Amino acid sequence: MQAFQPQNHHIATVIRHQHCRLSPGATNLYISPVASKPLHFRPTCSSFHNRHHTPPDQENTPIPAGASLSTENDSLRTHNAKSTALLLHHLSPQDQQNPHPPPSQRQEHHLPFSKEDKEKLLELSLLNRRPPQFPGSIFLSNSSQLVKNVFEAENTRLDDVDDDVDDEMLMKALEIRRKVTLEVFKEAMKKGKFGITYCENLISTLADFLDCVMIKAASMKQLPEFSGCSYNDRAKAFINESGVVPLIRWLKYNSLSYPQIGKLICASRGNVDSIRKLAEWLKSIHVKGRFIGVAMTRAGETVLERDLEELDEIVMYLESNGVRQDWMGYLVSRCPEVLCFSMEELRSRVEFYMNMGMDKNDFGTMLFDCPKVLGSLSMEEMNKKVAYLKEFGLDNEDVGRLLAFKPQLMACNIKEQWIPLVKYFYYLGISKDGMRRILTRKPIIFCIDLESTIVPKVQFLRDIGVQHDAIGSMLVRFPSLLTYSLYKKIRPVVIFLLTDAGVSQQDIGKVIALAPELLGCSIANKLDNNVKYFLSLGIKLPVLGEMIADFPMLLRYNIDILRPKYRYLRRMMVQPLQDLIEFPRFFSYSLEERIIPRHKIMVENRINFKLRCMLASTDDEFHSRVADEAERRRRFESGIRDAQPTD
């Protein structure tokens, strides 16, 4: 049997209204939890009847006044001090003399309650269902009145104490009510046939929506049809009327993750129909798959409150400025902030780019390449970046062409990316004109990371022997070098030149400095084929390495261009291979415009030059040299005739 607890104020009230007349010594009593029946007194321990059987004729014998229910052989259990004090208080002579005091003189006697007792009573009053009870236990059916009595007693006892305890209890009540709401929502999700794990994950993101359900359910009590309903019934009614569970199923079917679903539902503030309408509209402009959820979550709460007519107006305006209809879904999915702009703000952003000389085709292509340039930046940031680009010597139209070609520049940060990069270029000896050339030829360099991409490549060039002064000129000449992968492109080419092309370690730095374009050539399709072709001509590998060190661009020419020149050299000009080894730059001259015409002039004047003297000069120098050599030949021939003996 459950012992009498002091916090059960309801039982004490039952005892008071029954006006019991008991002797002070009769403390070992069983108190029935049913208040509507008269109290019957019997021994508390069931073993009392098992050990001592009362004769049948003495069962109904009245107990004399002052007699005790126990015998000297009985060891009966007694109540604790609080329950005994409570009984003695109600059995005092004052209550016996005035068993029926008038209502004006009645006072509720409240016992002091601890903080844990109050929290337990508060949680009990907010339970959504009755907890299981074992036989003989006490269930507080009038728990709300009990909680009210608890707080009335505390208010009278703690007048001089701060209100922190009351605020804490209020927060505790809200937390308990939130748990009840969560359980109601879980039941609705289970009816929608969602898994337990999915329900737990989704509910963890719906804290704001559950608070909205609490507010709506509390306000529904003022409606006549819900005035007599419990809080659980009102919460269930609101969840069913909102249609949030079918909406979750529909959003999940459209590839939205549970964090996206939770964020959208919380942003809707109870109006979940706006989510479905917006998702259908996004489908109509070709936003597909998971990007529907990305667009709605990144657009924020504002887009859920806008009319579909306003969104259609935004789409029509962009289409009139060069954005193709089949590009619109891609644009909105990558930059959903566009849907939050007013028409005035959108026009100002479009005119910002149009005033730099862009036409509609350039503007539409720019948005397709980088949709962020329209919606992710403020007007102030856009003006600062354009002004910084003009400091390199570019005018307004040059900046417009540059942004149309590489709009990713607008997504870069000036302080974190551009300023450190410019300082590093100055350190490498690159002037402002060189930076402008790099910016116009390869603007993506101003978008890549300095520490992780550019610095390791420059350090590698120093390690292979490239001089510090030559690195800056290399980058200005061939800025694409900084966009190549160090371990997949640059290092393999250097290793190939050292091992398969015969270039020595002393000359590798010179080769790269003179022809950084070699680092962009394919080993399998270009470099290896050229090396094999020169080796097939009878050139030894070390000699080929010296030829490459003298003229590194030798490996960049196409074999179809090299073969006719070599044929003409060997068959028509009848020049030895050694001349080609000494002057590998021979392959850089045009066969039709330089080699054949000069060779004909040499044949007509019956003279012969080395390849270097024949080709490495201007036309005036060549003709002057030919005239001098022809005069020298004429004098030589005439001198021989003058030296002949006479009779």
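Every value quoted in this text rests on a predicted model; they were computed, and no experiment measured them. (Residues numbered from 1 in each chain as written. Predicted model: local features only at pLDDT ≥ 70, side-chain atom pairs only at ≥ 80, totals over all residues. Heavy atoms only, no water.)

Enquirer: Got a minute to help me understand the overall build of the protein in this structure?
Expert: The helix and strand tally for the protein stands at 35 helices and zero strands. Here the protein, with 647 residues, has 40% of them falling under the buried criterion. Summarising the internal contacts of the protein: among those between residues at least 6 apart in sequence, 70% fall at separations of at least 24. Looking at the protein as shown, the accessible area adds up to about 36,700 Å², and 51% of this sits on carbon and sulfur atoms. (Helix = DSSP H or I, 4+ residues; strand = E, 2+ residues; numbered from the N terminus. Buried < 20%, exposed > 50% of the residue type's maximum accessible area, 1.4 Å probe, protein only. Contact = heavy atoms within 4.5 Å. Areas by Shrake-Rupley, 256 points an atom, 1.4 Å probe, with all protein chains shown as cover.)

Enquirer: I would appreciate a short explanation of the packing of helix α8 (residues 196-203) against helix α12 (residues 258-268) in the present structure.
Expert: Relative placement of two packed helices is described by the angle separating their axes and the distance separating the axes. Between α8 and α12, the least distance of the axes is 9 Å, while the angle of their chain directions is 45°. In terms of orientation, α8 lies oblique with respect to α12. Note that α8 runs across α12; the crossing there is right-handed. Each of Tyr198, Asn201 and Leu202 in α8 lies in contact with α12, whose residues at this interface are Tyr258, Ile261 and Gly262. Grouping the constituent residues of the contact of α8 with α12 by class yields four nonpolar, two polar and no charged. (Axes fitted to C-alpha atoms, helices over the stretch in contact; angles between N-to-C directions. Parallel < 35°, antiparallel > 145°, perpendicular 65-115°, else oblique. Left-handed = near helix turned anticlockwise from the far one by under 90°. Nonpolar A, V, L, I, M, F, W, Y, C, P; charged D, E, K, R; others polar.)

Enquirer: Teacher, can you tell me more about the packing of aromatic side chains here?
Expert: What characterises a pair of aromatic rings is the spacing of the ring centres plus the angle enclosed by the ring planes. The final tally for this structure, using the stated rule, is 19 aromatic pairs. Considering the side-chain rings of Phe392 and Phe446, the 5.7 Å spacing of their centres and the 80° angle between planes classify their relative orientation as edge-to-face. Linking Phe392 in the loop between α21 (379-390) and α22 (396-405) with Phe446 in the loop between α24 (432-441) and α25 (450-463), this pair joins segments that are 54 residues apart in sequence. A residue is classified by how much of its surface remains accessible, and Phe392, at 6% relative accessible area, is buried. Judged by centre distance (5.9 Å) and plane angle (70°), the rings of Phe534 and Phe587 are edge-to-face. One end of the pair, Phe534, is in helix α29 (residues 523-536); the other, Phe587, is in the loop between α32 (577-582) and α33 (591-604), and 53 residues separate them in sequence. Across the pair, Phe587 and Phe534 agree in class, each one buried. Each member of the aromatic cluster is reached from another via a ring pair, and the members are Tyr388, Phe392, Trp418, Phe425 and Phe446. (Phe/Tyr/Trp six-rings, centres within 6.5 Å; stacked < 30°, edge-to-face > 60°.)

Enquirer: Before we go on, may I ask you to explain the nonpolar core in this structure?
Expert: Across soluble globular proteins, nonpolar side chains have a tendency to be buried as a group. Core analysis: the largest hydrophobic core is formed by 170 residues, its most contacted members being Leu282, Tyr353 and Leu497. Those residues within four positions of Leu282 in sequence are excluded, and the remaining contacts are Val287, Ile292, Ala295, Met296, Val332 and Leu339. (Core = buried A, V, L, I, M, F, W, Y, C linked by side-chain atoms within 4.5 Å.)

Enquirer: How should helix α28 (residues 505-514) be read in this particular structure?
Expert: Residues that lie three or four places apart on an α-helix share one face, since the helix turns once every 3.6 residues. For α28, every residue scored as buried is listed here: Ile508, Gly509, Val511 and Ile512. Buried positions in α28, seen along its axis, are confined to an arc of 160° and lie on one side of it. Among the structural elements, α25, α26 (468-477), α27 (486-499) and α30 (541-550) are those in contact with the buried residues of α28. (Arc of directions from axis to C-beta.)

Enquirer: Explanation requested: the packing of α24 against α26 in the structure shown.
Expert: It is the contact of α24 with α26, at a shortest axis distance of 8 Å, that shows an interaxial angle of 35°. Along its contact with α24, which presents Gly434, Arg437, Ile438 and Arg441, the element α26 presents Leu475, Val476 and Arg477.

Enquirer: Just to check I follow, could you spell out the side chain of Asn321 for this structure?
Expert: With respect to the helices, strands and loops of the structure, Asn321 is situated in the loop between α16 (308-319) and α17 (328-334). Side-chain polar atoms of Asn321 contact the side chain of Ser320, separated by 3.3 Å. Aside from chain neighbours lying at most four places away, what touches Asn321 is Val350, Met354, Lys360, Phe363 and Gly364. (Polar contact = N/O pair within 3.5 Å; in protein donor to acceptor, adjacent residues only side chain to side chain.)

Enquirer: Hey, could you run me through the environment of Ser638 in this one?
Expert: Within the secondary structure, Ser638 is located in helix α35 (residues 619-642). Residue classification places Ser638 among the partly exposed residues on the basis of a relative accessible area of 22%. A distance of 2.9 Å separates the side chain of Ser638 from the backbone oxygen of Arg635, its partner in a polar contact.

Enquirer: In this structure, what is going on with the pattern of salt bridges? I would like to understand it.
Expert: Between side chains of opposite charge, a pair can form as their charged atoms come close. The tally for this structure, following the rule as stated, stands at 19 salt bridges. Notably, a salt bridge pairs Arg178 with Asp211, separated by 2.9 Å at the nearest N-O pair. With Arg178 in helix α7 (residues 164-191) and Asp211 in helix α9 (residues 207-219), the pair connects residues that are 33 residues apart, well separated along the chain. Between Glu345 and Arg349 there is a salt bridge, with the nearest N and O atoms lying 3.5 Å from each other. (Salt bridge = Lys/Arg side-chain N within 4 Å of Asp/Glu carboxyl O.)

Enquirer: Which parts of the structure should I look at to understand helix α13 (residues 273-284)?
Expert: Compared with the 16 Å implied by 1.5 Å per residue over 12 residues, the 17 Å span of α13 between its first and last C-alpha is a close match. Listing the buried residues of α13 in full gives Ser274, Ile275, Leu278, Ala279, Trp281 and Leu282. The buried residues of α13 occupy an angular sector of 160° when projected down its axis, which confines them to one face. Elements in contact with the buried residues of α13: α11 (244-253), α12, α14 (291-299), α15 (301-304), α16 and α17. Positioned one or two residues after α13, His286 has a phi angle of 75°, which is positive. (Expected span 1.5 Å × (residues − 1).)

Enquirer: Mind showing me how you'd approach unusual backbone geometry here?
Expert: The general pattern is negative phi for most residues beyond glycine and trans for most peptide bonds. A positive phi angle, close to 70°, is found at Ser255, a residue other than glycine. Position of Ser255 among the secondary structure elements: in the loop between α11 and α12. For Ser255, a relative accessible area of 47% puts it in the partly exposed group. Here Val574, not a glycine, exhibits a phi torsion of approximately 55°, which is positive. Mapped onto the elements, Val574 comes out in the loop between α31 (559-572) and α32. The exposure class assigned to Val574 is exposed, which follows from its relative accessible area of 61%.

Enquirer: Please clarify how the confidence of the model for the protein should be interpreted in this entry.
Expert: As a general rule, the predicted coordinates of low-pLDDT regions are not to be interpreted in detail. Of all residues in the protein, 73% have pLDDT values of 70 or greater, and the mean over the chain is 79. Mean pLDDT across the elements of the protein bottoms out in helix α1 (residues 9-18) (38) and peaks in α27 (95). A low-confidence stretch, residues 642-647 (pLDDT under 50), is modelled with zero contacts involving residues beyond four sequence positions or located in other chains. (pLDDT = per-residue confidence, 0-100.)

Enquirer: I keep staring at a nonpolar patch on the surface and nothing clicks. Help me out?
Expert: A grouping of Leu170, Met171 and Leu174 is seen on the molecular surface, where their side chains present a nonpolar patch of about 290 Å² in accessible area. Along the chain, Leu170 turns up in helix α7. (Patch = residues over 30% accessible without salt bridge, like charges linked within 9 Å, V, L, I, M, F, W, Y side chains within 5 Å.)

Enquirer: Explanation requested: the environment of Val315 in the structure shown.
Expert: With respect to the secondary-structure elements, Val315 resides in helix α16. When its relative accessible area of 9% is taken as the criterion, Val315 is described as buried. Between the alpha carbons of Val315 and Val338 there is a distance of 9.4 Å; along the sequence they are 23 residues apart. Look past the residues within four positions of Val315 in its chain and what remains in contact with it is Trp281, Ile285 and Met328.

Enquirer: Mind showing me how you'd approach the state of the cysteines here?
Expert: Two cysteines, two sulfur atoms, one covalent bond between them: this is a disulfide. For the coordinates displayed, the defined rule picks out zero disulfides. Take Cys412: it sits in no disulfide, and the sulfur closest to it among the cysteines is that of Cys447, at 3.3 Å. (Disulfide = S-S within 2.5 Å.)

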